[in-house]
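# Fold and contact review
One-letter residues, chain by chain:
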Amino acid sequence: KDQLPQTPFSAEYYDPDKTLLAGMNPMNLAEHFFLFWTRDMVDKMGASTNAYGNAFVRGWKDIDGEELSAFFGIVIYLGCCAFPSRRSVWQTGIKGSAYIKRIMTRDRFNMI
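Description of the structure in this document. Everything numeric here is computed off the predicted structure, so don't read it as measured data.

Take the overall build of the protein chain next. A tally of helices and strands in the protein chain yields five helices and zero strands. Along the protein chain, from the amino end to the carboxyl end, the secondary structure elements read α-α-α-α-α. For the protein chain, buried positions account for 23% of its 112 residues. Taking as baseline every contact in the protein chain between residues at least 6 positions apart, the subset at least 24 positions apart corresponds to 37%.

Inspection of the secondary structure assignment puts Ser-97 in the loop between α3 (65–80) and α4 (98–103). Look past the residues within four positions of Ser-97 in its chain and what remains in contact with it is Tyr-77, Phe-83, Val-89 and Gln-91.

A word on the packing of aromatic side chains. According to the stated counting rule, one finds six aromatic pairs in the structure shown. With a centroid separation of 5.5 Å and 50° between ring planes, the pair formed by Tyr-77 and Tyr-99 is classed as tilted. Placement of the pair is Tyr-77 in helix α3 and Tyr-99 in helix α4, with a sequence separation of 22 residues. According to the relative accessible area criterion, Tyr-99 is partly exposed, its value standing at 40%. Among the aromatic side chains, those forming a connected cluster through ring pairs are Trp-37, Phe-71, Phe-72, Trp-90 and Phe-109.

Taking 1.5 Å as the rise per residue, α3 with 16 residues should run 22 Å; its terminal C-alpha atoms sit 23 Å apart, in good agreement. Those residues of α3 lying buried are Gly-65, Glu-67, Leu-68, Ser-69, Phe-71, Ile-74 and Leu-78.

How each quantity is defined
- Residues numbered from 1 in each chain as written.
- Predicted model: local features only at pLDDT ≥ 70, side-chain atom pairs only at ≥ 80, totals over all residues.
- Heavy atoms only, no water.
- Helix = DSSP H or I, 4+ residues; strand = E, 2+ residues; numbered from the N terminus.
- Buried < 20%, exposed > 50% of the residue type's maximum accessible area, 1.4 Å probe, protein only.
- Contact = heavy atoms within 4.5 Å.
- Phe/Tyr/Trp six-rings, centres within 6.5 Å; stacked < 30°, edge-to-face > 60°.
- Expected span 1.5 Å × (residues − 1).

Here it is in structure tokens:
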């Protein structure tokens, strides 16, 4: 019987000492993000985003790979954390996320 190849992300394959995840800090989301996306891919997505933004978005400010990575990180974070609305993330006080507000403003996030 043919079997699918095991990958470092397969449950049967998981051995913390023998996978790509070995030695990674579980709290460093950037390390996990770059398991799936190379910096070159992010730079190319940034170039495409800039081309679109310059053509269609009033007041567009070009984005670089670092800022686009931060944007994707926020999107992933928002998928893991419950907020009543996307807008509430940038609210002041206990409802908002000081962590996200330090990374990117709401207006910039919405523009991207």
